[in-house]
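Below are the chains, spelled out letter by letter.
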Amino acid sequence: MHLGILTSGGDCAGLNAAIRGVVRRAVVAYGDRVTGFREGWRGLLEDLAMELTIDNTRGLLHQGGTVLKSSRKNPYKVEGGVEAVRKTLAKHGIDVLLVVGGDGSLRLSHRLSKEGVHLLCLPKTIDNDVPLTDYSFGFDTALGVVVDALDRLATTAESHDRIIVCEVMGNESGWLAFQGGLAGGADYIFIPEVPADLEGCVEVIRRRHERGRDFSVVVAAVGTSFPTGISDFPPPPFGPDP
């Protein structure tokens, strides 16, 4: 079998490890060939192919990023894009294309599969928002970064009696903000799945101040929708610097 592989969309931890693992499994266990396509779907549109072997994937396990590079190119947004993908796959004799991607990349792959392109998909995303996937690789590492950031922010907030809001990635999903906020000891968390309650947040902070806790750390997922008229809410119980 001749296997093709590409990494598409945003980068995350574990991409090089995935490439290395696929090559070793395919070559050693099954005697298959593996061809990588650089820069995501652009690699198929422009035939940016490279052979992947045991030798040229050695040492990837501890490297960040992706040696195949990535892009957000979409074949459906390029005139003749799907036919170009088919042509490249046929030219190299690819039996199956393995797409390492997140929610957007896998939706695109699903659409291509309905048109007869043979695909396998490996879900990767720090957002952990791929349907039917409990836990995508990349999420755990990003979660650790969020917790570390919140730990540092809490130290600064306490030193200066500040309220610090940390915006966390996640697209339209709150997994990263929710789990990171819990593990990092955030005092209030906003996520897209729950309507933003600004009055509730202010009340939590107010009660903390009444107990003598003059600092707070709030986590807000990037996809959270906040109501208009924020200025109408009562100010939090702290004033400007003298």
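Details of the structure are given in the entry above.
Definitions and limits used
Residues numbered from 1 in each chain as written. Predicted model: local features only at pLDDT ≥ 70, side-chain atom pairs only at ≥ 80, totals over all residues. Heavy atoms only, no water. Phe/Tyr/Trp six-rings, centres within 6.5 Å; stacked < 30°, edge-to-face > 60°. Buried < 20%, exposed > 50% of the residue type's maximum accessible area, 1.4 Å probe, protein only. Salt bridge = Lys/Arg side-chain N within 4 Å of Asp/Glu carboxyl O. Helix = DSSP H or I, 4+ residues; strand = E, 2+ residues; numbered from the N terminus.

Draft legend 1. Structural detail: the packing of aromatic side chains. This structure, assessed with the given rule, holds 3 aromatic pairs. Judged by centre distance (5.4 Å) and plane angle (85°), the rings of Tyr-135 and Phe-139 are edge-to-face. The partly exposed category is assigned to Tyr-135, whose relative accessible area is 45%. What makes Phe-139 buried here is its relative accessible area of 0%.

Draft legend 2. Representation of the pattern of salt bridges in the model. With the rule as written, the count across this model stands at 10 salt bridges. Residues Arg-208 and Asp-187 are paired through a salt bridge, measuring 3.0 Å at the closest nitrogen-oxygen approach. One end of the pair, Arg-208, is in helix H7 (residues 198–210); the other, Asp-187, is in the loop between helix H6 (175–183) and strand E7 (188–190), and 21 residues separate them in sequence. Accessibility expressed as a relative area gives 8% for Arg-208, which makes it buried. Via salt bridges that share partners, Glu-39, Arg-42 and Glu-46 belong to a single interconnected network.

Draft legend 3. Inspection of unusual backbone geometry at higher detail. With a phi angle near 60°, Glu-39 is a residue other than glycine that sits in the positive phi range. Secondary-structure assignment places Glu-39 in the loop between strand E2 (33–37) and helix H2 (42–45). The partly exposed category is assigned to Glu-39, whose relative accessible area is 26%. Unlike most non-glycine residues, Asn-171 shows phi in positive territory, near 60°. Counting through the fold element by element, Asn-171 comes out in the loop between strand E6 (163–168) and H6.

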